[in-house]
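Residue-level listing of the chains:
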Amino acid sequence: MDSVTVARKQSPSGATEAPATTAGDAASQQETDGFHLLIDALKLNGIDTIFGLPGIPITDLTRKAQASGLRVISFRHEQNAGYAASIAGFMTQKPGICLTVSAPGFLNGLTSLAHATTNCFPMILISGSSEREVVDLQQGDYEEMDQLAIAKPLCKAAFRVLHAEDIGVGVARAIRAAVSGRPGGVYLDLPAKLFPQAMDAEAGKQSLIKVVDPAPKQIPAQDAVQRALDLLKGAKRPLIVLGKGAAYAQADADIRTLVEKTGVPYLPMSMAKGLLPDTHEQSASAARSFVLPESDVVLLIGARLNWLLSHGKGKTWGGKSAKAWGGQKFIQVDISPIEADSNVRIDAPVVGDIGSCVKALLAGIGNNWPKPPSDWLSAIVERKSKNVAKMAETLAKNPSPMNFHSALNVVRDIVKANPDAYLVNEGANALDFTRSIVDMYKPRKRLDVGTWGIMGVGMGYSVAAAIVGGQQVIAIEGDSAFGFSGMEVETICRYDLPVCVVILNNNGVYRGDEVNVTGGKDPSPLVFVKDARYEKLMEAFGGVGAYATTPDELRAAMKEAIRSRRPTLINAVIDEKAGTESGRITSLNPTAKKK
Ligand SMILES: Cc1ncc(C[n+]2csc(CCOP(=O)(O)OP(=O)(O)O)c2C)c(N)n1
Ligand SMILES: [Mg+2]
């Protein structure tokens, strides 16, 4: 507090003059203001990093925040700062902070706020806003917009602070809303006039709140736990599904113990990969399409039955038609009491924070839990070994030009050798093949497109992972996906971050070989400039660019990037005919019947 307290002198007119320098000046008074109160409130609550983009009315805030010891990471577009904040929230269980200017900056940040909410990542979007009186009368203020109203449906909670003495409460409410219960995005609206508002420094200090127990444990009811265990015990073909909620919970050791003590095969959802090493003998990933329809009791831990799990029904689950129930019984461990029954009946909901729920399940399991029937386990092993052998054969091929498999075989080795590295991943084929080919070994290392399958998270995530996680980042990007945030390679260079971007460049969205059916001069909507030299973008800002047309070249470039820890972009040239439309979710893509 003291470091940011300013001694100001009131002039007879009431205007504030420059800070007083004379000690003992009778008229001088210790004052603080909105800028400093906000910074103090964030620091008091353990926030050490702000991702943002300066401009009216928050320019001075970014300066003062940096001067106060906060890390201020300045981006080229607010959406990328927002994605950085959202993933920082996932990684740390503390709300990631994104700071923007009013109207357009706010709107640019809003997509990431909605993304955070959808993915249950704690994040606070703080935006400056224009004068309330002018906005509310729609008199055409600079960057006029009723931001609070617009943000509300896209986040868990939205607050506006009008008076400096309320900043402490506003920040406390925002933090609680972001991290408690099911985490999500929170909007904090700070009108321009708030920042220079002065108040007595001591009173200001008293107004701040250090949030006690921001994400209180939620202990599951004992009868709910027993109901779940009874169901699991009677299973003939049990399965555990680990979602990114399980990864978020940081209950890694207990989750592993639960899986191992029950002996139940498990499937990690994309961002739960590495919660147990993907090479774990109980992983059923390589037999996913077998275990989902065949299972009879499924224990969902921090995984929702949304589209990513085919809504818990239909052919994926052994149902006879697209909407038919496959007959499984579900146990669902989730923080939200309204998640159960969202898509199919949940026979045993266990509501509480994942850590507490898993502990309670473990206590009930004890040390003599019967292993699942051996015919179930051996059937899975059989499928797995068949699929793994088939994959190994595909990966061993060395086609020219490279395809996704031969390039990702290299990435797979590099990640294995560097298990602490973060793996950021987006694209369609570039995403799906990476997810299935590249094994993860540690929790919360795989950071990807999440619930929406959103493109554009790549460079924002990479910046956050490098800064918050302090480790090497490997970003595997489709060439289209990369384009959404590509300008942030300047940010990566500016902060000199150990980020190695690998673009799996197939000249387009899904593939690069589409043609304009009219024969006209415009290219197909799905293709880009052929043989684009993306690596030069990194070179433009002082980073390392590499062009790789073979697995050997890719391997050498990635090794060097990791050795040097320098910002690196590797343009990996992939056969433009290698991909499929929409990757593995082709079935969700409506196409015209009429040709
Ligand atoms: C914000 C957003 N816009 C558009 C899409 C639709 N979309 C899905 S994947 C994709 C790009 C796929 O191309 P690329 O990244 O090059 O991956 P590839 O399949 O070619 O490897 C697009 C545009 C999306 N998911 N998110
Ligand atoms: Mg592509």
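Further up the page is the structure itself.
Summarised in this report is the structure supplied together with it. Predicted model, so just to flag it, every value in this text is computed and none were measured.

**Things to note about the packing of aromatic side chains**
A complete count under the given rule lists 9 aromatic pairs for this structure. Taking 6.4 Å as the distance between ring centres and 35 degrees as the angle between the ring planes, the aromatic pair formed by phenylalanine 90 and tyrosine 248 counts as tilted. Here tyrosine 248 lies in helix α10 (residues 244-248) and phenylalanine 90 lies in helix α3 (residues 78-92), a separation of 158 residues in the sequence. The same class applies to phenylalanine 90 and to tyrosine 248, which are both buried. The structure contains a cluster of three or more aromatic residues connected by ring pairs, namely Phe90, Phe121 and Tyr248. It is lysine 64 that lies over the ring of phenylalanine 35; its NZ or CZ is 5.0 Å from the centre. Note that arginine 533 overlies the ring of tyrosine 547, its terminal NZ or CZ placed 3.6 Å from the centroid.

**Observations regarding the sheet that holds strand β7 (residues 157-160)**
Strands sit in the order β4-β3-β5-β6-β8-β7 across an open sheet of 6 strands; the sheet is parallel. Lying at the two open borders of the sheet, with one neighbouring strand each, are β4 (71-74) and β7. Ignoring strand direction, the axes of neighbouring strands in this sheet form an average angle of 20 degrees. The pairing of strand β5 (residues 96-100) with strand β6 (residues 123-129) spans 5 bridges and is parallel. Residue pairing in the sheet places leucine 99 in a bridge with isoleucine 126 of β6.

**Regarding the sheet that holds strand β20 (residues 568-573)**
In a beta sheet, neighbouring strands pair by backbone hydrogen bonds and run either parallel or antiparallel. Across the sheet, which stays open at both edges, the 6 strands sit in the order β16-β15-β17-β18-β20-β19 with parallel pairing between neighbours. Only two strands of the sheet have a single neighbouring strand rather than two, namely β16 (446-448) and β19 (544-548). The mean inter-strand angle of the sheet, taken between neighbouring strand axes irrespective of direction, is 15 degrees. Relative to β20, β19 is paired through 5 bridges, and the arrangement is parallel.

**Side note on the packing of helix α15 (residues 404-417) against helix α16 (residues 429-437)**
Between α15 and α16, the least distance of the axes is 10 Å, while the angle of their chain directions is 50 degrees. Compared by their axis directions, α15 and α16 come out oblique. The handedness of the crossing between α15 and α16 comes out as right-handed. On α16, the residues that touch Phe404, His405, Leu408, Asn409 and Arg412 of α15 are Asn429, Ala430, Phe433, Thr434 and Ile437. Residue composition of the contact of α15 with α16, grouped by class: 5 nonpolar, 4 polar and 1 charged.

**Quick word on the site of ligand 1**
Taken together, 16 residues surround ligand 1, and among them Asn429, Gly453, Asp479, Ser480 and Ala481 come closest. The separation between an oxygen atom of ligand 1 and a polar main-chain atom of asparagine 429 is 2.8 Å. The separation between an oxygen atom of ligand 1 and a polar main-chain atom of serine 480 is 2.9 Å. When the free accessible area of ligand 1 is taken as 580 Å², the share hidden by the protein chains comes to 76%. The element best represented in the shell around ligand 1 is helix α18 (residues 479-483), accounting for 3 residues. Among the residues making up the shell around ligand 1, the classes are represented as 8 nonpolar, 7 polar and 1 charged.

**Re the pattern of salt bridges**
Applying the stated criterion across every chain, the model contains 28 salt bridges. Here aspartate 334 makes a salt bridge to arginine 182, at a shortest N to O gap of 2.6 Å. Highlighted residues: aspartate 334 in strand β13 (residues 329-334) and arginine 182 in the loop between α7 (167-179) and β8 (185-191), separated in sequence by 152 residues. In this structure aspartate 334 comes out as buried when scored by relative accessible area, which is 5%. Among the ionic pairs, glutamate 260 bridges to arginine 256, the shortest N-O distance being 2.9 Å. On the criterion of helical spacing, the pair formed by glutamate 260 and arginine 256 is a turn pair, its members being 4 residues apart in helix α11 (residues 252-262). In this structure arginine 256 comes out as partly exposed when scored by relative accessible area, which is 33%. Through salt bridges that share partners, Arg132, Asp136, Asp146, Arg160 and Asp189 make up one connected network.

**Concerning the coordination of the magnesium ion (ligand 2)**
Ideal donor angles around a metal are set by the shape: a four-donor tetrahedron calls for 109.5 degrees, a six-donor octahedron for 90 or 180 degrees. At 2.0 to 2.1 Å from the magnesium ion (ligand 2) lie its protein donor atoms, namely Asp479 (OD), Asn506 (OD1) and Gly508 (O). The sequence pattern formed by the donor residues of the magnesium ion (ligand 2) is D-x26-N-x1-G. As far as burial versus exposure is concerned, asparagine 506 and glycine 508 are alike and both buried.

Basis of the calculations
- Residues numbered from 1 in each chain as written.
- Chains lettered and ligands numbered in written order.
- Predicted model: local features only at pLDDT ≥ 70, side-chain atom pairs only at ≥ 80, totals over all residues.
- Heavy atoms only, no water.
- Phe/Tyr/Trp six-rings, centres within 6.5 Å; stacked < 30°, edge-to-face > 60°.
- Helix = DSSP H or I, 4+ residues; strand = E, 2+ residues; numbered from the N terminus.
- Buried < 20%, exposed > 50% of the residue type's maximum accessible area, 1.4 Å probe, protein only.
- Lys NZ or Arg CZ within 6 Å of the ring centre and 35° of its normal.
- Pairing = 2+ DSSP bridges.
- Axes fitted to C-alpha atoms, helices over the stretch in contact; angles between N-to-C directions.
- Parallel < 35°, antiparallel > 145°, perpendicular 65-115°, else oblique.
- Left-handed = near helix turned anticlockwise from the far one by under 90°.
- Contact = heavy atoms within 4.5 Å.
- Nonpolar A, V, L, I, M, F, W, Y, C, P; charged D, E, K, R; others polar.
- Near = heavy atom within 4 Å.
- Polar contact = N/O pair within 3.5 Å; in protein donor to acceptor, adjacent residues only side chain to side chain.
- Areas by Shrake-Rupley, 256 points an atom, 1.4 Å probe, with all protein chains shown as cover.
- Salt bridge = Lys/Arg side-chain N within 4 Å of Asp/Glu carboxyl O.
- Donors = N, O, S within 2.8 Å, 3.2 Å for Na, K, Ca; no water.

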